[in-house]
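Fold and contact review
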Amino acid sequence: MASVDLRGLRKAFGSVGAVAGVDLAVRSSEFVALLGPSGCGKTTTLRLVAGFLAPDEGEIRVDGRVLSAPGRVVPPERRGMAMIFQSFALWPHKTVADNVSYGLKFKGVDRAEAGRRVEAMLRTVKLEAFADRYPGELSGGQQQRVALARALVVEPGILLLDEPLSNLDANLREEMRFEIRRLHEAFGITTLYVTHDQAEAIATADRIAVMHRGRVVQIGSPQEVYDRPHSAFVAAFLGRTNLIPGWVEGPEAFHATRGTPVRTAPAPAHLVGQAGVVSIRPHHLRLQAEAGPPNRFEGKVLRATYFGEGMDFLVDVPSLGQSLRVSAPPTPQVAVGEPVTLTADPIHCLVLPEE
Ligand code: ATP
């Protein structure tokens with residue numbers, strides 16, 4: 001499979017710098033998710049990789065060969081890539097089998113061989129019984145499987161997916177995440193996957209590249225990015241968290257804006273003596289006071305929401321001048337209006353820069 005290297009990539013639309021200097025190396029057979037909020041430049045990056053857009057600066061190499069540079073772009077059909085869009089983009093008047101075989105005809109594969117490959121691919125995506133149906137006769141999830149089959153059957157070196165699950169309902173989306181990962185493990189195609197859905201990125205990707213304002217601000221395995229975010233932005237975008245603004249007094253000493261001390265995990269040296277934030281995930285706050293931990297915050301329950309698998313509390317903490325989200329098991333614990341003491345192990349109190 002092919003490796004993809006983006007170096008110093010920039011693309012502006014008028015005065016909008018959609019992609020503002022992206023460096024990203026995707027290894028052969030790796031699955032990388034581009035994750036970020038709306039407008040951060042994910043789709044523009046993908047369209048640059050696909051060859052639909054030319055960069056203003058920088059270059060894109062595939063296996064070391066330059067496919068895009070300012071004024072020099074190998075056209076999409078000659079880049080050995082397949083792309084899957086949010087809209088599926090199936091041919092409505094062709095059957096499932098004809099949709100899947102379309103790219104093979106285009107590549108000049110003979111009919112008998114194309115027939116064999118289409119049949120095998122439909123088996124892989126569990127649609128062998130639907131070969132003669134039309135897209136309008138399929139559910140959203142089945143249509144998405146056809147789109148996947150059509151992209152994979154041409155054996156691309158690189159697969160590009162742009163929010164491929166956003167038109168599906170919540171249950172199907174969850175199922176299709178696992179399906180996309182399964183197909184990746186079966187075929188090992190180098191994949192770039194654009195999404196704003198953190199759960200999708202976590203379930204599918206080997207590495208997540210978090211984008212913000214046209215740049216990749218952090219890249220790592222899902223666990224690395226979740227457990228060791230480099231900034232408050234990344235901590236808040238990947239999973240829920242509580243952010244407490246303040247001042248970094250020392251390597252393990254933080255003062256919240258109201259002066260309340262928070263014992264933290266060791267802070268990066270360059271943040272000491274600066275303004276910063278402490279990030280505490282809701283499941284790292286304990287609702288009942290535990291003996292021992294130095295971080296104890298007195299508060300009052302503002303909201304208690306039952307979610308079946310757990311409870312979500314919002315607790316007002318006057319000493320911090322803000323409320324904190326707390327996740328807890330679903331056993332009845334405390335009611336709205338009751339006083340509580342929250343505790344947090346310093347190891348889970350991460351000192352981060354704002355950006
Ligand atoms: P979303 O998740 O909403 O699709 P995104 O992260 O994929 O967002 P892009 O579509 O790459 O973001 O857009 C990045 C920025 O570039 C946005 O401000 C967008 O308005 C702008 N932009 C994108 N395409 C064009 C275009 N063809 N003309 C003008 N501006 C554009």
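In short, a report on the structure. (Residues numbered from 1 in each chain as written. Predicted model: local features only at pLDDT ≥ 70, side-chain atom pairs only at ≥ 80, totals over all residues. Heavy atoms only, no water.)

1. So, the sheet that holds strand E3 (residues 31-35)
The strand order across the open sheet built from six strands is E7-E8-E9-E3-E10-E11, with neighbouring strands paired in mixed fashion. Two strands lie at the open edges of the sheet, namely strand E7 (81-84) and strand E11 (215-220), each paired on one side alone. Strand-to-strand twist of the sheet, defined as the mean angle between neighbouring strand axes without regard to direction, takes the value 20°. Summarising the sheet, E7 and strand E8 (residues 158-162) pair through four bridges and their orientation is parallel. Bridge pairing in E8 links Met83 to Leu160. Packed on one face of the sheet, helix H4 (residues 140-153) meets E7 and E8 and runs near 170° to E7. (Pairing = 2+ DSSP bridges. Helix = DSSP H or I, 4+ residues; strand = E, 2+ residues; numbered from the N terminus. Axes fitted to C-alpha atoms, helices over the stretch in contact; angles between N-to-C directions. Contact = heavy atoms within 4.5 Å.)

2. Thoughts on the pairing of strand E13 (residues 253-256)
Only one face of E13 is buried: it carries Phe254 and Ala256, and the other face, with Ala253 and His255, is open. With four bridges connecting them, strand E12 (residues 242-250) and E13 associate as antiparallel partners. Of the residues in E13, the one forming a bridge with Gly246 is Ala256. The hairpin formed by E12 and E13 contains two residues between the paired strands. Adjacent in sequence and paired antiparallel, E13 and strand E14 (residues 261-263) are bridged by four residues, among which Gly259 carries a positive phi angle near 95°. (Buried < 20%, exposed > 50% of the residue type's maximum accessible area, 1.4 Å probe, protein only.)

3. Here we look at the nonpolar core
Within soluble globular proteins, side chains that are nonpolar generally end up buried alongside one another. Grouped together as the largest cluster of nonpolar side chains are 47 residues, with contacts concentrated most on Ile84, Val100, Leu122, Val146, Leu148, Leu159 and Ile208. Top element by residues in this core is H4. It accounts for seven residues. In this structure, Val100 is in contact with Val118, Leu122, Val146, Ala149, Arg150 and Val153, ignoring residues within four places of it in sequence. Counting 28 residues, the second-largest nonpolar core is a separate cluster that includes Leu9, Leu24, Ala50 and Met83. (Core = buried A, V, L, I, M, F, W, Y, C linked by side-chain atoms within 4.5 Å.)

4. Topic: the site of the ligand
The immediate surroundings of the ligand are formed by Phe13, Val16, Ala18, Pro37, Ser38, Gly39, Cys40, Gly41, Lys42, Thr43, Thr44 and Glu163. Cys40 places a main-chain nitrogen or oxygen 3.0 Å from an oxygen atom of the ligand. Between Gly41 and the ligand, the recorded distance is 3.0 Å, taken from a backbone N or O atom to an oxygen atom. Surface burial for the ligand is 57%, taken as the share of its 630 Å² of free accessible area covered by protein chains. The set of elements that each furnish at least two residues to the shell around the ligand consists of strand E2 (16-26) and helix H1 (42-50). No other element matches H1, which puts three residues into the shell around the ligand. Looking at the shell around the ligand residue by residue, the class counts come to five nonpolar, five polar and two charged. (Near = heavy atom within 4 Å. Polar contact = N/O pair within 3.5 Å; in protein donor to acceptor, adjacent residues only side chain to side chain. Areas by Shrake-Rupley, 256 points an atom, 1.4 Å probe, with all protein chains shown as cover. Nonpolar A, V, L, I, M, F, W, Y, C, P; charged D, E, K, R; others polar.)

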